[in-house]
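Examining the three-dimensional arrangement
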Amino acid sequence: MDTMLAGRLHLPSGAFRVEEVPVPVPGPGEVLIEVRAAGVCLSDVHLIDGSLKPFGHVEDLTLGHEVAGVVHTLGPGLLGDWTPGTRVALQA
Ligand SMILES: [Zn+2]
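Residues numbered from 1 in each chain as written. Predicted model: local features only at pLDDT ≥ 70, side-chain atom pairs only at ≥ 80, totals over all residues. Heavy atoms only, no water.

**Let's talk about the overall build of the chain**
To be explicit about the condition: In this text, helices come from DSSP runs of H or I with a minimum length of four residues, and strands from runs of E with a minimum of two, each type numbered from the N-terminal end. Residue burial is assigned from relative accessible area. The probe radius is 1.4 Å, only protein chains are included, and a residue is buried under 20% of its type maximum, exposed over 50%, and partly exposed in between. Here, residues are in contact when the closest pair of their heavy atoms is within 4.5 Å. Residue burial considers only the protein chains on display, and all accessible areas are found by Shrake-Rupley using a 1.4 Å probe.
Counting its regular elements, the chain contains one helix and six strands. For the chain, the succession of helices and strands along the chain, N to C, is β-β-β-α-β-β-β. Overall size of the chain, expressed as C-alpha extent along the three principal axes, is 40 × 30 × 25 Å. Looking at the chain residue by residue over its 92 residues, the buried ones come to 23%. Looking at the chain alone, contacts between residues at least 24 apart form 51% of all its contacts between residues at least 6 apart. In the form shown here, the chain has an accessible surface area of approximately 6,500 Å², with 59% of it arising from carbon and sulfur atoms.

**Brief notes about the pattern of salt bridges**
The condition is simple: Only one rule defines a salt bridge in this text: a Lys or Arg side-chain nitrogen within 4 Å of an Asp or Glu carboxyl oxygen.
For the structure shown, the criterion picks out three salt bridges. Put simply, Arg17 and Glu19 hold a salt bridge, and the shortest N to O gap is 3.3 Å. For Glu19, a relative accessible area of 24% gives the class partly exposed. Here Glu34 and Arg36 are joined by a salt bridge, their closest N and O atoms 3.2 Å apart. On the accessibility criterion, Glu34 (33% relative accessible area) is partly exposed. Connected via shared salt-bridge partners are Arg8, Arg17 and Glu19.

**Comments concerning the coordination of the zinc ion**
So the rule is basically this: In this description, a donor is an N, O or S atom within 2.8 Å of the metal centre, a cutoff extended to 3.2 Å for sodium, potassium and calcium. Water is not part of the atom list, which can make sites seem incomplete.
With distances of 2.0 to 2.3 Å, the protein atoms coordinating the zinc ion are Cys41 (SG), His65 (NE2) and Glu66 (OE). Binding-site remark: the zinc ion is held by donors from one chain whose sequence spacing is C-x23-H-E. Take Glu66: its relative accessible area is 37%, and that puts it in the partly exposed class.

**Digging into the pairing of strand β1 (residues 3-10)**
Taken residue by residue, a regular strand's side chains alternate between the two faces of the sheet. Here is the rule we go by: When DSSP finds two or more bridges between a pair of strands, those strands are recorded as paired.
Of the strand pairs in this sheet, β1 and strand β2 (residues 15-22) are connected by eight bridges, and their pairing is antiparallel. Across the sheet, Leu5 pairs through a bridge with Glu20, a residue of β2. Hairpin connection, β1 to β2: the antiparallel pair is bridged by four residues, and Gly14 has positive phi, about 80 degrees. Of the strand pairs in this sheet, β1 and strand β4 (residues 60-62) are connected by three bridges, and their pairing is antiparallel.

**Some thoughts on the sheet that holds β1**
Selection criterion: Axes, fitted as lines to C-alpha atoms, cover a helix only where it is in contact. Angles between the N-to-C directions of the axes lie from 0 to 180 degrees.
Read across the open sheet, the three strands follow the order β2-β1-β4; overall the sheet is antiparallel. With one partner strand each, in any of the chains shown, β2 and β4 form the two edges of the open sheet. Averaged over all neighbouring strand pairs, the angle between strand axes comes to 45 degrees, with direction disregarded.

Structure, rendered in structure tokens:
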């Protein structure tokens, strides 16, 4: 299994760590982005201080939803003209 580094927040303890996690596999209609830069925004700060709760029941989550990078892997059934290596920025 391939792994990558991710900045993870453990919600019950409030501990933040950079950890090895499995590389996600893009699903239908998705692309996997190789993140080259990630911003930390106020949502991340509020997740850390507990004033913002994530959707669903999760104990650990990856912070940094404002990212830029390159398209790495194309998921099945993807519509549009996507090519690995294309530079992209995500709108949260
Ligand atoms: Zn944000």
